[in-house]
Amino acid sequence: MSPAPTSHVESVDFVMLYIVGISVILLLGITAVMIYFVFKYHRKKGHKPVDIHGNVLLEIIWIAIPTILVLSMFYFGYTSFRDIRIKPKDAMAVKVTARMWQFSFEYENGKKSDTLYVPINKGIDLQMESVDVNHSLYIPAFRIKEDVIKGKTTNLYFTAEVEGTYDIACAEYCGLDHSMMYSQVKVVSADSFKTWYSTVDSITDSTKTK
Ligand SMILES: [Cu+2]
């Protein structure tokens, strides 16, 4: 498997597999026992059923096992979510503006772009706001997603560890062209980022294409 583009990928995928795995094992196990009991304990002539009362060991087992399983799901889910919400040290702030139906990015030096350029191994702090309806910025390859809302700044943090181009999608239905509301994040080397960043260019990508 190729290396993951961010450190969030492994923890998010692990939690996903852990919860789905336990759920599938329980589903199959319970269904199998249910079918077995249907045949084993079906009504038979001349057989009188008896009730069983008070089995402390059994009761402890069926309370303890599900409790441990559910708490472990919470533990793994919570700890990896907490990591995603921690702002990386010396993070580079990028202002994100969402509107129907595009994202635009503005850097600390005033540079604007329709594509999110970030240097590799650098903490990024996306400071996001909408100018109209609710949107949601989603980078599937990084396993991060956050709502973008008018009048409120929301944040997303990540540190990209593999160079490449990844999709950004809007994940909140926001009107007619919501399905076209895509952008990209380009993870580049520190040097090429520097060159791109310092190129004085007041014309944004969007006005060039118009
Ligand atoms: Cu949108």
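Residues numbered from 1 in each chain as written. Predicted model: local features only at pLDDT ≥ 70, side-chain atom pairs only at ≥ 80, totals over all residues. Heavy atoms only, no water.

A.B. asks: Just checking my understanding: could you explain the coordination of the copper ion for this structure?
C.D. replies: By definition of the ideal shapes, a tetrahedral metal site with four donors has angles of 109.5 degrees and an octahedral site with six donors has angles of 90 or 180 degrees. At the metal site, the copper ion is ligated by His135 (ND1), Cys170 (SG), Cys174 (SG) and Met181 (SD), and these contacts range over 2.0 to 2.5 Å. What the four donor atoms of the copper ion show is an angle range of 97 to 123° at the metal, which sorts the shape as tetrahedral. In primary-sequence terms, the residues that donate to the copper ion follow H-x34-C-x3-C-x6-M. Taken together, the residues Cys170 in strand 9 (residues 164–170) and Met181 in the loop between strand 9 and strand 10 (182–188) connect sequence positions eleven residues apart. With relative accessibility at 1%, the residue Met181 sits in the buried group. (Donors = N, O, S within 2.8 Å, 3.2 Å for Na, K, Ca; no water. Tetrahedral: all angles 85-135°; square planar, octahedral: opposite > 155°, others 65-115°. Helix = DSSP H or I, 4+ residues; strand = E, 2+ residues; numbered from the N terminus. Buried < 20%, exposed > 50% of the residue type's maximum accessible area, 1.4 Å probe, protein only.)

A.B. asks: I keep staring at the side chain of Lys111 and nothing clicks. Help me out?
C.D. replies: Mapped onto the elements of the fold, Lys111 is located in the loop between strand 2 (102–107) and strand 3 (112–113). At 3.2 Å, the side chain of Lys111 and the backbone oxygen of Trp196 are in polar contact. (Polar contact = N/O pair within 3.5 Å; in protein donor to acceptor, adjacent residues only side chain to side chain.)

A.B. asks: In this structure, what is going on with the packing of aromatic side chains? I would like to understand it.
C.D. replies: Under the definition given, this model contains 15 aromatic pairs. Plain terms: the ring middles of Phe37 and Tyr41 are 5.4 Å apart, the flat faces sit at 75° to each other, and that makes the pair edge-to-face. Phe37 gets classed as partly exposed once you look at its relative accessible area, which sits at 41%. Note on Tyr107 and Phe193: the rings are 6.1 Å apart at their centroids and 50° apart in plane angle, and the pair reads as tilted. Of the two residues, Tyr107 is situated in strand 2 and Phe193 in helix 3 (residues 190–198); the sequence distance between them amounts to 86 residues. (Phe/Tyr/Trp six-rings, centres within 6.5 Å; stacked < 30°, edge-to-face > 60°.)

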